[in-house]
Amino acid sequence: MFKNLIAGLALIFEGAKREVKLIFSDSAVITSYIFSVLFVFFFYSYVYSNEVIEDLSIVVVDQDNSKLSQQVGRMLDATAQVNVTYKTQSVDIAQQLYKEEKVHGIIIIPPDFGHDIQKGLTPSVSAYCDAAYMLYYKQTIGAVMRTMGTINAQIEVNKTMSSGVPMKQAMASRRPFNPVPVPLYNINSGYGTFLLPVVFLIALQTLQISAMGVIGGTLREGNLFARTFSYANRKYGIFFSTIGRSLAYLVFSMFLMMIATLVVTRAFNFPLRGNLFEIIVFLIPFILAVTFLGMTAVNFFRKREEALMIVTIFSLPTMLFSGASWPMSSFPLWMQKLSVFVPTTLGAQGYVSLSQFGASLYEIKDIFIQMWLVCIFYFILALWTNRRFICKKTTNSI
Amino acid sequence: MKKGFVSIFKKECVRIFSSPRLLLLMIGIPALLFFFYSSLLSENVARNLPVTLLDLDKSSVSRQLVRMIDANATMDIAYEVTDELEGQRTVRTGKSFALIVIPKDFHKNVQNGLAPNVMCYFNGQYLLPAGLIQRDFQLIAGSFAAGAQIEILKKKGMMPEQTKGVITPIGTDSHTLFNPFLNYGAYLNLGFLPMAFQIVVMIVSIYALGNVLKYKRGHELLEQANNKVFVAIVGKLLPYTIVFFIVGFFMNSLLFYKIQAPLNGSFAFINLITLSFIIVCQSMALFVTSVVTSLRTAMTIGGGYTALAFSFTGYTFPPEGMSNFVQELNYIFPFHSYLRFVISYAVRGISFNGMQRTYLIVLSVFVVIGIISAPIYYLRLKKGGYNV
């Protein structure tokens, strides 16, 4: 019993050692696994490091040219979101500018705008926002809403005051209560802060699996699979060697994730909250799940090129599965269930909760437990795969 | 052995249709991804996002506000908590997108005209839900306030028509161009479907051209093409172009008719652009295959090149937010020009402008790169293959 345990431990150690050798003996693997991952981490951070768009160009068509209508233009220009690059009185010119893609929104202030307000009629400012690109739309409509809200409040308070009400009371009577929206975690709606924690995990998963696929594909192509892992071909050998091999990836991937968490986020000033130790503990089942998935995927890769082909194609769909671009609660139900089988889905949820929202591991224990279940699921598949390739070939050769 | 263009073309066709793996990669995987994206985004607009409510007042007025929040299409009160810490936890663990707090004595303070604060702590990390919740929270507050104001003004003796001018002196007519219902399904699919498509085009084309070199059949191919490199290349790639065009046509039909992305241009012309884009990708595939020294490097570079392309289209995050260097870098990816051209032409209905001309010029540059690399490919074929 004791002897078996020692033999098992030795096998784990042997498996880890040989896997490290396998990784370092193929330059394509090192490029994909280590250098590409680091490149993606830094490069994406650089691309999105500006976080927000400021001063999007718009045109104001002022058909009134009164004091108030000019104030609307000035206030729009003063917002962070947009910049009034052109002012004109002609709708045709504005359309032309839009068609030439020199502006991304048109604001039209109708004739007699100032007069109508004085008369107590309700003139409307028309905002034409370009929803062909969602962020152009958001920027323009956000600026318009904010500006109109402020101007409306001013006019309303002025009107109430003119009927003899003191300013403080006029302000208070405007609204029964104040709505106060407070953004949490990503307070400036920064695009980098939003995307990068997820990109870290997706890049690691994609590139680690393709590296493992290249190793597996090379071994299968040369019919070397069984010979390479012949040391594991004994009682419980597959079990221990699979664990040993996964430890090698655990160490490398954890190292890469620590660079992402500690170096990249600091270098580009992305926020980082939470307890580092808990992040590491959470990442263990994630990385192991990715590793076992990678071992299982070898079933599909008969040649080394196939790994590279398939895995890159699926990087964007897994991104979508993580619920970053489209909220998970809006997935069809069967897709919500299916998405759990991709390690990054739970991985991203947990990692973002820990590192961005500052949750404790105890608070997200249900995600943590599910992550381990996914890990065990792929571990069993990986055992089956390894057994299939290692044992089958050996019996054939005898 | 038969020689000439037709024989290469025929041989390649046989190869495609007798290899289930190749068929799966060229037709199965794009179809699977098209299905994946369109069903994942089939709800089109994000509704019923879970939010947490903390009502410390529990009066008739606060309940009225709660009912208005719950009736809103965007928000769904999934959790009702009794203390703030518990509420924060639901947001922190990602179960809920926002915590709305109605303070104590809300009813009393509203009646006394003290304007209490109603807080909405929303999770800013997820940009889409954050934007929707923030917008709708303020809309609800606005209509709640307007309702109360109108009552007060009517009691003061104003006519209902008069009250409107007091409450909103200036109205806002918002015109949402080209995507009137802010349909995220159509919006994201327009980017994701061609994205998946171009990766497949690039990878399969590299595979087709590089396989000859990997298995050292270069001499054979050249002989069959009577030593004319263009005959060899076109003969080899044309069957793929045709199959991809059919897939691309299917993709466009799916986008503009099934998913109902806005279509303000000619459908036939869009397909023509897709066809040109396939040729552009194949030209780049030829370039990549010719300059590297092994098929797997070609695959890594080609795959990486196309897989990174989405971020550089500036579709979900516009180029205006990127540094100048990255803005220029965008043009290195043919997908940037293709997608922006399609959006400009098909969605916005702009027939032709300066930007579109830029995109077309950029796309033709890629074809030129492909043509220039043909002689390099010829040298490789003459050698027989990689590593000879």
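Residues numbered from 1 in each chain as written. Chains lettered and ligands numbered in written order. Predicted model: local features only at pLDDT ≥ 70, side-chain atom pairs only at ≥ 80, totals over all residues. Heavy atoms only, no water.

As annotated in an unreviewed UniProt entry, chain A carries the name ABC transporter permease and comes from Myroides albus. Under the heading Subcellular location (unreviewed entry), UniProt records this for chain A: "Cell membrane". (UniProt positions renumbered as here; feature names shortened; annotations may be inferred.)

A count of helices and strands for chain B gives 15 helices and five strands. For chain B, whose C-alpha radius of gyration is 29 Å, the value lies well above the compact-globule estimate of 21 Å for 388 residues. Going through the 388 residues of chain B one by one, you find that 58% of them count as buried. For chain B, the accessible surface area stands at approximately 15900 Å², while carbon and sulfur atoms represent 63% of it. Both charge centroids of chain B, one from 33 positive and one from 19 negative side chains, sit 19 Å from each other. (Helix = DSSP H or I, 4+ residues; strand = E, 2+ residues; numbered from the N terminus. Rg over C-alpha atoms; globule rule 2.2 N^0.38 Å. Buried < 20%, exposed > 50% of the residue type's maximum accessible area, 1.4 Å probe, protein only. Areas by Shrake-Rupley, 256 points an atom, 1.4 Å probe, with all protein chains shown as cover. Lys, Arg positive; Asp, Glu negative; His and termini not counted. Charge placed at Lys NZ, Arg CZ, Asp CG, Glu CD.)

This part is about the overall build of chain A. In terms of helices and strands, chain A carries 16 helices and five strands. Here the C-alpha radius of gyration of chain A, 30 Å, is well above what a compact globule of 398 residues would show, namely 21 Å. If you line up chain A on its principal axes, its C-alpha atoms span 100 × 45 × 40 Å. Long-range contacts, defined here as pairs at least 24 residues apart, represent 79% of the contacts in chain A between residues at least 6 apart. By element, 63% of the accessible surface of chain A is carried by carbon and sulfur atoms, the whole surface being about 16900 Å². Each charge class in chain A can be summarised by its mean position, and for the 32 positive and 22 negative side chains these summaries are 16 Å apart. (Contact = heavy atoms within 4.5 Å.)

Further remarks concern the interface of chain A and chain B. Taken together, the 108 residues of chain A in the interface contact 114 residues of chain B. Here chain A packs against chain B, burying approximately 10000 Å² in sum over the two surfaces, 64% of which is carbon and sulfur. Of all residues in chain A, the largest losses of buried area upon contact with chain B belong to Tyr133(A), Phe177(A) and Trp326(A), amounting jointly to 8% of the total for that side. Where chain A meets chain B, there are four salt bridges. Close ionic contact of Arg89(B) with Glu363(A) constitutes a salt bridge, the shortest N to O distance being 3.4 Å. Counting every contact that joins chain A to chain B gives 32 residue pairs in polar contact (both at pLDDT 80 or more). Among the elements that make up the side of chain A that touches chain B, the one with the highest residue count is helix α6 (residues 134–162) of chain A (13 residues). Residue classes in the side of chain A that touches chain B are distributed as 66 nonpolar, 23 polar and 19 charged. Bridge analysis of strand β5 (residues 178–184) of chain A against strand β4 (residues 117–123) of chain B gives seven bridges, and the strand direction is parallel. (Buried area = accessible area lost by both parts, 1.4 Å probe. Salt bridge = Lys/Arg side-chain N within 4 Å of Asp/Glu carboxyl O. Polar contact = N/O pair within 3.5 Å; in protein donor to acceptor, adjacent residues only side chain to side chain. Nonpolar A, V, L, I, M, F, W, Y, C, P; charged D, E, K, R; others polar. Pairing = 2+ DSSP bridges.)

The strands that make up a sheet are held in pairs by hydrogen bonds between backbone atoms, and each pair lies either parallel or antiparallel. Sheet architecture is open: five strands sit in the order β2(A)-β1(A)-β3(A)-β4(A)-β5(B), paired in mixed fashion. Of all strands in the sheet, those with a lone pairing partner are β2 (82–88) of chain A together with β5 (171–177) of chain B, marking the two edges. Across this sheet, the average inter-strand angle for adjacent strands is 20°, counted without regard to direction. Sheet topology note: the strand β3 (residues 105–109) of chain A/strand β4 (residues 124–130) of chain A ladder contains four bridges and is antiparallel. Bridge assignment links Ile107(A) to a residue of β4(A), and that residue is Ala127(A). Here α6(A) sits on the sheet in contact with β1 (56–62), β2, β3 and β4 of chain A together with β5 of chain B, set at roughly 160° to β4(A). (Axes fitted to C-alpha atoms, helices over the stretch in contact; angles between N-to-C directions.)

Here chain B is partitioned into domain 1 (5–42 + 181–383) and domain 2 (49–167). The gap between the C-alpha centroids of domain 1 of chain B and domain 2 of chain B is 49 Å. (Domains from an automatic or database assignment.)

Moving on, we come to the domain arrangement of chain A. What the domain assignment lists for chain A is domain 1 (2–49 + 191–397) and domain 2 (56–174). A C-alpha centroid distance of 52 Å is found between domain 1 of chain A and domain 2 of chain A.

It is worth spelling out the environment of Val292(B) at this point. Residues and elements named next belong to chain B. Residue placement: Val292 occurs in the loop between α11 (267–291) and α12 (295–307). Residues Val292 and Tyr386, 94 residues apart in the sequence, show an inter-C-alpha distance of 8.9 Å. Filtering out sequence-adjacent residues up to four positions away, Val292 remains in contact with Thr297, Ala298, Ile301, Arg380 and Tyr386.

Next up on the list: the UniProt feature "transmembrane region" (unreviewed entry) in chain A. Residues and elements named next belong to chain A. As annotated in UniProt, the feature "transmembrane region" (unreviewed entry) corresponds to residues 28–47, 194–216, 236–264, 276–301, 307–326 and 367–384 in the numbering used here. Taken end to end, residues 28–47 comprises 100% helix and 0% strand; its first and last C-alpha atoms sit 26 Å apart. Secondary structure within residues 307–326 divides into 70% helix and 0% strand; the distance between the first and last C-alpha atoms comes to 28 Å.

Attention shifts here to the pairing of β1(A). All names here are of chain A. Counting buried residues along β1, six of its seven residues qualify, which places the element largely inside the surrounding structure. In the sheet, β1 pairs with β2 via six bridges, with the strands oriented parallel. The partner of Leu56 across the bridge, within β2, is Val82. Running through helix α3 (residues 67–78), the crossover from β1 to the neighbouring parallel element β2 is right-handed. (Right-handed = clockwise from strand over helix to strand, strands pointing away.)

Our focus in this paragraph is the packing of helix α2 (residues 20–40) of chain B against helix α10 (residues 229–258) of chain B. All names here are of chain B. At a minimum axis separation of 11 Å, α2 and α10 run at an interaxial angle of 10°. Overall, the two elements α2 and α10 adopt an arrangement that is roughly parallel. Only Tyr240, Val243, Phe244, Val247, Phe250, Met251 and Leu254 of α10 make contact with α2, whose side of the interface consists of Leu22, Met26, Ile27, Pro30 and Phe34. In the contact of α2 with α10, the residues fall into 12 nonpolar, no polar and no charged. (Parallel < 35°, antiparallel > 145°, perpendicular 65-115°, else oblique.)

Quick look at the packing of aromatic side chains now. As enumerated under the stated definition, the model contains 49 aromatic pairs over all chains in all. Ring pairing ties together the aromatic residues Tyr133(A), Tyr136(A), Trp326(A), Tyr184(B), Tyr187(B) and Tyr315(B), which thus form one cluster. The positively charged end of Lys365(A) is found above the aromatic ring belonging to Tyr362(A), 4.5 Å away from the centroid. (Phe/Tyr/Trp six-rings, centres within 6.5 Å; stacked < 30°, edge-to-face > 60°. Lys NZ or Arg CZ within 6 Å of the ring centre and 35° of its normal.)

With that settled, the discussion passes to the pattern of salt bridges. A full pass over the atoms with the stated rule returns 12 salt bridges over all chains. With a closest N to O distance of 2.4 Å, Arg92(B) and Glu363(A) form a salt bridge. Taken as a pair, Arg92(B) in helix α4 (residues 84–92) and Glu363(A) in the loop between α15 (343–355) and α16 (365–397) lie in two separate chains rather than in one. With relative accessibility at 15%, the residue Glu363(A) sits in the buried group. For Asp136(B), the salt bridge identified is with Arg135(B), shortest N-O distance 2.9 Å. Residue Asp136(B) is classed as buried on the basis of its relative accessible area, which comes to 6%. Each of Glu101(A), Asp130(A) and Arg348(B) takes part in one network of salt bridges that share partners.

Another aspect to go through is the sheet that holds strand β3 (residues 98–102) of chain B. Ordered by their spatial adjacency, five strands build an open sheet running β5(A)-β4(B)-β3(B)-β1(B)-β2(B), and the pairing between neighbours is mixed. The sheet terminates laterally at β5 of chain A together with β2 (75–81) of chain B, the two strands that pair on one side only. Each strand of the sheet is rotated relative to its neighbour by a mean of 25°, with strand direction disregarded. In this structure, strand β1 (residues 49–55) of chain B lies alongside β2(B), joined through six bridges in parallel fashion. Looking at β2(B), one finds that Leu53(B) is bridged to Glu80(B). Its contacts with the sheet put α4(B) on β5 of chain A together with β1, β2, β3 and β4 of chain B, and the angle it makes with β3(B) is roughly 160°.

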